Amino acid sequence: MAALLGMLILPGLMAAEEIKLSGEMWNRWTLEAGKAPGDSSDATLRNNFSLERGYIGLEAKFSETIKGRFTVDLFSSDLVKDGAGLKLKYAYVDFSNLIPLPDLTVTAGLQKVYFGTIYDWSYNLIGKAPSDEYKLANSADYGLTLNGFLPAGWGEYAFGVYNGEGYKNYGANLKDNIDPAFLANLRLMPLPGLTLGGSLMTNGSERRIKLADATANSSYNTQLLLDALLRAAFGPVDVWAEYMSKEVSFADAFSAKNYTATALSVVPCLKLNRLLGADIDLTGRYDRWDETGNPSNKNLLTAITGGVNYNFMHDDSANPAMQLQLNYTSKTYDEEKSAAAYANGLKDTGTLMLQFKWRFSNTIKA
Amino acid sequence: MKKVILTTILLTLLALPALAKGNRLTCSGSTTVLPIAQATAEAFMNANPELDISIRGGGSGVGIAALMNGTVDIACSSRTMKAKEITQAKSKGLNPTPYAIALDGIAIVINSANPVKNLTLKQIRDIYTGKIKNWSEIGGNKAPIVVISRDVASGTFEVFNEKALAGAKVVSTAQLLASNNAIATTVGNTPGAIGYIGLGYLTSSIKSVSVEGISPNSASVKDGSYPLARKLFMYTNGKAAGAANRYIAFIQSAAGQKIVQEQGFITLN
């Protein structure tokens with residue numbers, strides 16, 4: 001695999017005038033306990049160390065206007081087959097000279113999905129961005145986007161077309177999906193510290209008429225994904241609030257399966273560096289995921305997280321090269337409204353995670 | 001009563017870091033702005049001995065990132081901030097505010113033994129993209145051109161790239177150096193070399209050529225006729241206050257601008 005990857009990317013890298021080599025490792029200890037309704041006590045569900053992410057990236061600068069990025073995720077955990085795995089996370093090229101508009105980039109390849117907070121989720125908490133956590137959107141996908149910035153820092157925007165299936169799914173049902181996903185994203189900053197944003201994405205799953213026998217496919221559905229975002233960052237306080245909805249529509253004959261799910265997520269962060277003289281953040285998160293309209297997986301989840309980050313070994317630009325994160329997350333399903341989810345094996349859980357992240361980067365000039 | 005005591009303690013704790021920082025000012029960023037910042041800081045500290053001003057280089061991009069991360073009070077930059085940087089800063093609750101402190105021209109420099117006196121922007125672009133490889137192609141001696149450029153963190157490079165290269169790729173054989181000084185020294189020691197530096201770094205061992213027939217000097221930079229003229233900036237988060245405000249006001253004052261001129265740069269007025 002490594003040899004194949006090398007053969008694919010080496011010719012491109014040879015043409016680059018500058019290559020940035022970077023890495024980011026997430027070493028994590030997870031202790032999780034949980035119980036289903038009727039259980040008398042919590043059972044330990046997980047207690048393990050892992051390398052949850054092992055990103056290795058190459059960013060090749062071919063000119064001031066053309067840059068490529070290639071990132072793989074080498075992870076190691078006893079939860080996956082063979083204890084390790086490799087995913088291609090990004091493989092794209094940015095062209096900032098194709099369309100003569102200032103600060104506009106055309107990006108082609110496996111790239112970020114500009115939906116909600118997923119594309120710039122900074123992992124102040126160990127958990128994923130809400131739209132990733134609740135499977136509304138993927139953090140990366142194959143496609144073509146126009147993404148850029150408004151003048152004078154008024155905001156940013158993106159329009160894109162993607163496969164709609166993400167970067168780590170597989171199987172015949174994906175092969176059958178011939179409908180692309182379309183995306184529009186806009187963020188505005190009317191004043192420093194205040195961000196208002198919205199995203200819209202249409203997507204589909206599987207094929208309306210089965211190829212094998214030309215009959216209607218009961219699993220075929222289309223999705224309308226919406227996201228509204230508010231961020232307020234003033235002084236040491238930084239709060240994100242995000243509301244998302246996912247409207248899933250099946251073919252007329254199967255319209256009984258139609259449903260809408262919603263999520264609300266509030267993520268506050270208090271930066272204590274000015275007060276303590278050390279780069280420490282207190283973080284929190286409140287999530288409410290309402291999928292009670294989904295007949296096959298009714299559930300209403302409340303998740304609350306508290307945590308602390310200690311950032312150290314900063315680089316010249318004061319970005320932390322090392323970070324220690326401690327999070328505790330409590331997930332509770334509403335017993336009355338989550339019968340189907342419990343039947344599917346979900347449990348109320350309490351999870352303690354301690355994570356050590358470290359990053360490096362070096363630029364090699366041709 | 002307990003609430004009052006608690007509130008007082010809390011407010012004191014919150015105020016302590018600000019008080020502690022009252023006599024200390026940190027600046028980082030552009031190596032072009034560095035000599036101005038160092039010389040003016042020295043003069044300002046002489047007049048205000050209670051103040052401690054720390055100046056670091058690193059490049060405009062590094063200084064701007066440090067300002068966004070809240071670890072410096074002033075970012076020195078030889079270019080304006082990009083829309084992406086302003087957007088990122090605003091999203092974090094910062095309001096980067098520019099203060100012009102000097103004018104500068106990016107001087108195209110060659111070894112003092114090189115007879116070439118003028119280059120057009122097209123010739124500069126062709127040299128830096130590798131289309132022109134020998135000085136004899138542009139009226140010079142028969143000698144290969146040694147192209148010297150700056151690293152990516154450099155604001156000087158960004159302005160040069162925008163104004164002279166129009167975004168074109170610098171030839172892969174170019175030597176990339178980390179500072180104006182390094183370029184001046186290398187060009188001075190290399191007969192066939194060409195580089196670009198801030199006017200304040202010109203020395204007797206190198207010479208600047210005119211661009212499109214216009215020499216980089218005080219008049220041509222001030223009236224904007226020199227094609228590679230630019231402003232040099234200091235950025236603060238929001239309107240400069242306290243020591244930062246006094247320091248920047250000093251640089252913009254007649255006394256500060258005199259130092260700007262002594263360092264080889266062009267005054268604002």
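Residues numbered from 1 in each chain as written. Chains lettered and ligands numbered in written order. Predicted model: local features only at pLDDT ≥ 70, side-chain atom pairs only at ≥ 80, totals over all residues. Heavy atoms only, no water.

Peer 1: Is there a simple way to explain the overall build of chain A in this structure?
Peer 2: The number of helices and strands found in chain A is five helices and 16 strands. Computed over the C-alpha atoms, the radius of gyration of chain A is 22 Å, within 12% of the 21 Å expected from 2.2 N^0.38 for a compact globule of 366 residues. Projected onto its principal axes, the C-alpha coordinates of chain A cover approximately 60 × 60 × 50 Å. With 366 residues in all, chain A has 43% of them scored as buried. Excluding contacts between residues fewer than 6 apart, the proportion of contacts in chain A whose partners are at least 24 apart in sequence is 56%. Approximately 17,800 Å² of chain A is accessible, and the part contributed by carbon and sulfur atoms is 61%. Distance between charge centroids for chain A: 2 Å, based on 34 positive and 40 negative side chains. (Helix = DSSP H or I, 4+ residues; strand = E, 2+ residues; numbered from the N terminus. Rg over C-alpha atoms; globule rule 2.2 N^0.38 Å. Buried < 20%, exposed > 50% of the residue type's maximum accessible area, 1.4 Å probe, protein only. Contact = heavy atoms within 4.5 Å. Areas by Shrake-Rupley, 256 points an atom, 1.4 Å probe, with all protein chains shown as cover. Lys, Arg positive; Asp, Glu negative; His and termini not counted. Charge placed at Lys NZ, Arg CZ, Asp CG, Glu CD.)

Peer 1: Can you help me understand the overall build of chain B in this one?
Peer 2: Helix and strand counts for chain B stand at ten helices and ten strands. Overall size of chain B, expressed as C-alpha extent along the three principal axes, is 85 × 35 × 30 Å. Expressed as a percentage of its 269 residues, the buried residues of chain B come to 54%. Looking at chain B alone, contacts between residues at least 24 apart form 75% of all its contacts between residues at least 6 apart. Carbon and sulfur atoms provide 56% of the accessible area of chain B, an area that totals close to 11,500 Å². Charge centroids of chain B, computed over 26 positive and 14 negative side chains, lie 6 Å from each other.

Peer 1: I keep staring at the packing of aromatic side chains and nothing clicks. Help me out?
Peer 2: Any pair of aromatic rings gets described here by the distance separating the centres and the angle formed by the planes. Enumeration according to the criterion identifies 16 aromatic pairs over all chains in this entry. Relative to Trp289(A), the ring of Tyr134(A) lies with its centre 5.0 Å away and its plane at 10 degrees, an arrangement referred to as stacked. Taken together, the positions of Tyr134(A) in the loop between helix H2 (130-133) and strand E6 (140-149) and Trp289(A) in strand E13 (residues 280-290) put the pair 155 residues apart, joining distant regions of the chain. An aromatic cluster is present here, built from Trp26(A), Tyr55(A), Trp121(A) and Tyr123(A) joined pairwise through their rings. If you follow Lys90(B) out to its NZ or CZ, it ends over the ring of Trp154(A), 4.7 Å from the centre. (Phe/Tyr/Trp six-rings, centres within 6.5 Å; stacked < 30°, edge-to-face > 60°. Lys NZ or Arg CZ within 6 Å of the ring centre and 35° of its normal.)

Peer 1: Please explain the interface of chain B and chain A as it appears in this structure.
Peer 2: Interfaces are often described in size by the accessible area the parts lose on coming together. Between chain B and chain A, the residue contacts involve 30 residues of the former and 32 residues of the latter. Counting the surface lost from both chain B and chain A, the interface buries some 2,500 Å², and carbon and sulfur atoms represent 58% of this. Here chain B and chain A share zero salt bridges between them. Joining chain B to chain A, the criterion identifies six residue pairs in polar contact (both at pLDDT 80 or more). (Buried area = accessible area lost by both parts, 1.4 Å probe. Salt bridge = Lys/Arg side-chain N within 4 Å of Asp/Glu carboxyl O. Polar contact = N/O pair within 3.5 Å; in protein donor to acceptor, adjacent residues only side chain to side chain.)

Peer 1: Explanation requested: the nonpolar core in the structure shown.
Peer 2: Considering soluble globular proteins, one finds that nonpolar side chains tend to be buried as a cluster. Counting 73 residues, the largest nonpolar core has Ile108(B), Tyr128(B), Ile194(B) and Tyr247(B) as its most contacted members. The greatest single-element share of this core, amounting to nine residues, is contributed by strand E4 (residues 96-111) of chain B. Residues lining this core come from more than one domain, with at least three contributed by each of domain 1 (2-102 + 231-262) and domain 2 (104-222) of chain B. In this structure Tyr247(B) touches Leu25(B), Cys27(B), Ala37(B), Thr40(B), Ala41(B), Phe44(B), Ile53(B), Ile55(B), Ile74(B) and Met234(B), once residues within four positions along its chain are discounted. By size, the runner-up hydrophobic cluster in this structure holds 33 residues, among which are Trp26(A), Phe115(A), Leu183(A) and Trp240(A). (Core = buried A, V, L, I, M, F, W, Y, C linked by side-chain atoms within 4.5 Å. Domains from an automatic or database assignment.)

Peer 1: I would appreciate a short explanation of the confidence of the model for chain B in the present structure.
Peer 2: Parts of the model with low pLDDT should not have their predicted coordinates read in detail. Residue and element names in this part refer to chain B. Per-residue confidence for chain B gives a mean pLDDT of 89, with 91% of residues at or over 70. Under a pLDDT of 50 for its full length, residues 12-20 has, in the predicted model, four contacts with residues more than four places off or in other chains. At the level of chain-chain contacts, confidence expressed as ipTM amounts to 0.83, with global pTM at 0.83. (pLDDT = per-residue confidence, 0-100.)

Peer 1: Would you explain the pattern of salt bridges in this entry?
Peer 2: It is possible for side chains of opposite charge to pair when their charged atoms get near one another. Scanning the entire structure with this criterion turns up 14 salt bridges over all chains. With its nearest N and O atoms 2.7 Å apart, the salt bridge here joins Asp120(A) to Arg187(A). Within this pair, whereas Asp120(A) is found in the loop between strand E5 (104-112) and H2, its partner Arg187(A) is found in strand E8 (residues 181-191), the two being separated by 67 residues in sequence. The class of Asp120(A) is partly exposed, set by a relative accessible area of 31%. A relative accessible area of 3% places Arg187(A) in the buried class. Across the pair Lys82(B) and Glu158(B) runs a salt bridge whose closest N-O atoms are separated by 3.0 Å.

Peer 1: Just checking my understanding: could you explain the state of the cysteines for this structure?
Peer 2: What is meant by a disulfide is a covalent connection between two cysteines, made through their sulfur atoms. Scanning all chains against the criterion turns up zero disulfides over all chains. Lacking any disulfide linkage, Cys27(B) is separated from the closest cysteine sulfur, that of Cys76(B), by 5.3 Å. (Disulfide = S-S within 2.5 Å.)

Peer 1: Looking at this structure, how should I read the packing of helix H2 (residues 34-47) of chain B against helix H9 (residues 242-252) of chain B?
Peer 2: Between two packed helices, the angle of one axis relative to the other and the distance separating the axes together describe the packing. Residue and element names in this part refer to chain B. Viewed as axis vectors pointing N to C, H2 and H9 meet at an angle of 110 degrees, and their least axial separation amounts to 10 Å. Regarding the angle of H2 to H9, the classification is roughly perpendicular. Two secondary-structure elements touch here, H2 through Ile36, Ala37, Thr40, Ala41, Ala43 and Phe44 and H9 through Ala243, Arg246, Tyr247, Phe250 and Ile251. The residue makeup of the contact of H2 with H9, split by class, is nine nonpolar, one polar and one charged. (Axes fitted to C-alpha atoms, helices over the stretch in contact; angles between N-to-C directions. Parallel < 35°, antiparallel > 145°, perpendicular 65-115°, else oblique. Nonpolar A, V, L, I, M, F, W, Y, C, P; charged D, E, K, R; others polar.)

Peer 1: Just checking my understanding: could you explain a nonpolar patch on the surface for this structure?
Peer 2: Residue and element names in this part refer to chain A. Together, Leu98, Ile99, Leu101, Leu146 and Phe159 make up an exposed nonpolar region whose accessible area comes to about 440 Å². Looking at the secondary structure, you find Phe159 in strand E7 (residues 155-162). Here Phe159 falls in the partly exposed class, since its relative accessible area comes to 47%. (Patch = residues over 30% accessible without salt bridge, like charges linked within 9 Å, V, L, I, M, F, W, Y side chains within 5 Å.)

Peer 1: Help me understand the side chain of Asp287(A) in this model?
Peer 2: Residue and element names in this part refer to chain A. For Asp287, the position within the fold is in strand E13. A polar contact of 2.9 Å, which involves the side chain of Asp287, links it to the side chain of Arg285. With near-sequence residues (within four places) excluded, Asp287 lies in contact with Tyr134, Leu264, Ser265, Val266, Leu301, Thr302 and Ala303.

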